[in-house]
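One letter stands for each residue in the lines below.
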Amino acid sequence: MTLRIGFLASYNGSGMRAVVQAIEAGHLDATPAVIISNNPDSQALVFARDRQLPHVCINAYRAGGEDAADAEIARTLMEAQVDLVVLSGYMKRIGPKTLAAFANRILNIHPSLLPNFGGQGMYGMRVHEAVIAAGVQESGATVHVVDDEYDHGRILAQARVPVLPDDSAQSLRERVAEQEGPLYVQVLQRIARGELYLV
């Protein structure tokens, strides 16, 4: 089954890049159907434009409010006939219309071993700072299904990395980030091969 994937990214979209590159290399049976960013200056949109992939900026300012932006995102994904939505550093909460249109078909990657160090306000460097402060010996990345709670949906896969005695939040972030793209690709490969079902 060739998956049609829609991406939502706010900044660099490193997970999206890894997935698109896996598709281009023939390692993943999928099509990048559309790339959406809420940030008109995002490198994710530059990446999409350079590769001539369908892309659009949708945000509350341009759409006329959060509800209107949510409706436009859902409509754009449906018009692109997307099977799965992949979040890649998307810094906005997914709205109810998009959640309803793609129930159990929106995936996110979080830079910790959920359910630990997740929830509202836990993103980016804050996660790694909390991991270091807690003194745990292991962290990693988690791919999960998105629902209406932050970092809450069904866990699909995790990649683990050690927390080293001399780690800073930055060095830990870099080690976790190395796992994120490959983990996303592995999960999508399993879905495409019919080995992993979301519903």
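Our subject is the structure that appears above.
Summarised in this report is the structure supplied together with it.

Procedures and definitions
Starting from 1, residues in each chain are numbered consecutively following that chain's sequence as written. Local features in a predicted model are, by the rule used here, given only for residues with pLDDT of at least 70; side-chain atom pairs are given and counted only at 80 or more, and totals for whole chains, interfaces and linings are based on all residues. The side-chain numbers reported here are obtained from all heavy atoms of the structure, hydrogens and water having been left aside. Every helix listed is a DSSP run of H or I at least four residues long, and every strand listed is a run of E at least two residues long, numbered separately from the N terminus. Burial here depends on accessible area, computed with a 1.4 Å probe over protein chains only, as a share of the maximum for the residue type. Under 20% is buried, over 50% is exposed, and the range in between is partly exposed. Throughout, a contact is declared for two residues whenever any of their heavy atoms are within 4.5 Å. Every accessible area reported is derived by Shrake-Rupley at a probe size of 1.4 Å, with residue values counting cover from the shown protein chains alone. Positive charges come from Lys and Arg alone, negative charges from Asp and Glu alone, with His and the N- and C-terminal ends not counted. Taken as the charge location is NZ of Lys, CZ of Arg, CG of Asp or CD of Glu. Pairs were defined over the aromatic rings of Phe, Tyr and Trp, the Trp ring being its six-membered one, requiring ring centres within 6.5 Å. Orientation was assigned from the angle between planes: stacked under 30 degrees, edge-to-face over 60, tilted for the rest. The criterion for a charge sitting over a ring is simple: Lys NZ or Arg CZ within 6 Å of the ring centre, and within 35 degrees of the ring normal. For patch detection, residues must exceed 30% relative accessible area and be free of salt bridges, and they are connected within 9 Å for like charges or within 5 Å for nonpolar side chains (Val, Leu, Ile, Met, Phe, Trp, Tyr). Basic side-chain nitrogens of Lys or Arg form a salt bridge, by our definition, when they fall within 4 Å of a carboxyl oxygen of Asp or Glu. To estimate the expected span of a helix, subtract one from its residue number and multiply by 1.5 Å. Bending is quantified residue by residue as the angle between axes fitted to the seven-residue window ending at that residue and the seven-residue window starting at it. Among the buried residues, those of types Ala, Val, Leu, Ile, Met, Phe, Trp, Tyr and Cys that are joined through side-chain atoms within 4.5 Å form a nonpolar core. When DSSP locates at least two bridges between a pair of strands, those strands are taken to pair. Axes here mean lines fitted to C-alpha atoms, for a helix over just the part in contact, with angles spanning 0 to 180 degrees between N-to-C directions.

Of regular secondary structure, the protein chain possesses seven helices and seven strands. Order of helices (α) and strands (β) in the protein chain, N terminus to C terminus: β-α-β-α-β-α-α-β-α-β-α-β-β-α. Referenced to the eigenvectors of the C-alpha coordinate spread, the extents of the protein chain come out at roughly 50 × 40 × 35 Å. When the 199 residues of the protein chain are sorted by exposure, 49% land in the buried category. Nonlocal contacts in the protein chain, meaning residues at least 24 apart in sequence, comprise 66% of its contacts between residues at least 6 apart. Per element, the accessible surface of the protein chain, about 9,700 Å² overall, is 48% carbon and sulfur. Between the mean site of the 17 positive side-chain charges and the mean site of the 22 negative ones, the protein chain shows a separation of 3 Å.

In this structure, Val-146 sits in the loop between β6 (138-145) and β7 (155-162). For the pair formed by Val-146 and Arg-93, sequence separation is 53 residues and the distance between their alpha carbons is 9.9 Å. Each residue touching Val-146, except ones within four places of it in the same chain, is listed here: Leu-87, Ile-94, Leu-99, Ile-106, Leu-107 and Asn-108.

What follows deals with the packing of aromatic side chains. Summed over the entire model, instances satisfying the criterion amount to zero aromatic pairs. Cation over ring: Arg-93 sits above Tyr-150, and NZ or CZ is 4.6 Å from the ring centre.

The subject of this paragraph is a nonpolar patch on the surface. On the surface, a nonpolar cluster with roughly 330 Å² of combined accessible area is contributed by Tyr-11, Met-91 and Tyr-123. Its location among the elements puts Tyr-11 in the loop between β1 (3-9) and α1 (14-24).

The terminal C-alpha atoms of helix α7 (residues 169-192), which comprises 24 residues, lie 34 Å apart, in line with the 34 Å expected from a rise of 1.5 Å per residue. Largest kink in α7: about 25 degrees, centred on Glu-180, with the proline Pro-182 one to four residues after it.

Our next topic: the nonpolar core. Grouped together as the largest cluster of nonpolar side chains are 59 residues, with contacts concentrated most on Val-19, Leu-87, Leu-107, Leu-188 and Ile-191. Not counting chain neighbours up to four residues away, the residues in contact with Leu-87 comprise Leu-8, Ile-94, Ile-106, Leu-107, Asn-108, Ile-109, Val-146 and Tyr-184.

Turning our attention to the pattern of salt bridges. In this structure the tally under the stated criterion is five salt bridges. For the salt bridge of Glu-138 with Arg-160, the shortest nitrogen-to-oxygen distance reads 2.9 Å. One end of the pair, Glu-138, is in strand β6; the other, Arg-160, is in strand β7, and 22 residues separate them in sequence. For Glu-195, the salt bridge identified is with Arg-193, shortest N-O distance 3.0 Å. Glu-195 gets classed as partly exposed once you look at its relative accessible area, which sits at 46%. A residue is classified by how much of its surface remains accessible, and Arg-193, at 53% relative accessible area, is exposed.

It is worth spelling out the sheet that holds β1 at this point. Spatially, the seven strands line up as an open sheet ordered β3-β2-β1-β4-β5-β6-β7, and their pairing is mixed. One side of each edge strand has no neighbouring strand; the edge strands of this open sheet are β3 (55-57) and β7. Across the sheet, the mean angle from the axis of one strand to that of its neighbour is 20 degrees, orientation sign disregarded. Against the sheet, helix α4 (residues 66-79) contacts β1, β2 (30-37), β3 and β4 (84-88), and its axis sits at roughly 160 degrees relative to β2.

Turning to unusual backbone geometry, a few remarks are in order. Residue Pro-115 is bonded to the preceding Leu-114 through a cis peptide linkage, with omega at 10 degrees. Assignment of secondary structure puts Pro-115 in the loop between β5 (106-110) and α6 (125-134). Of note, the phi angle at Gln-52 is positive, near 60 degrees, even though the residue is not glycine. Of note, Gln-52 is situated in the loop between α2 (43-50) and β3. Assessed through its relative accessible area of 73%, Gln-52 is described here as exposed.

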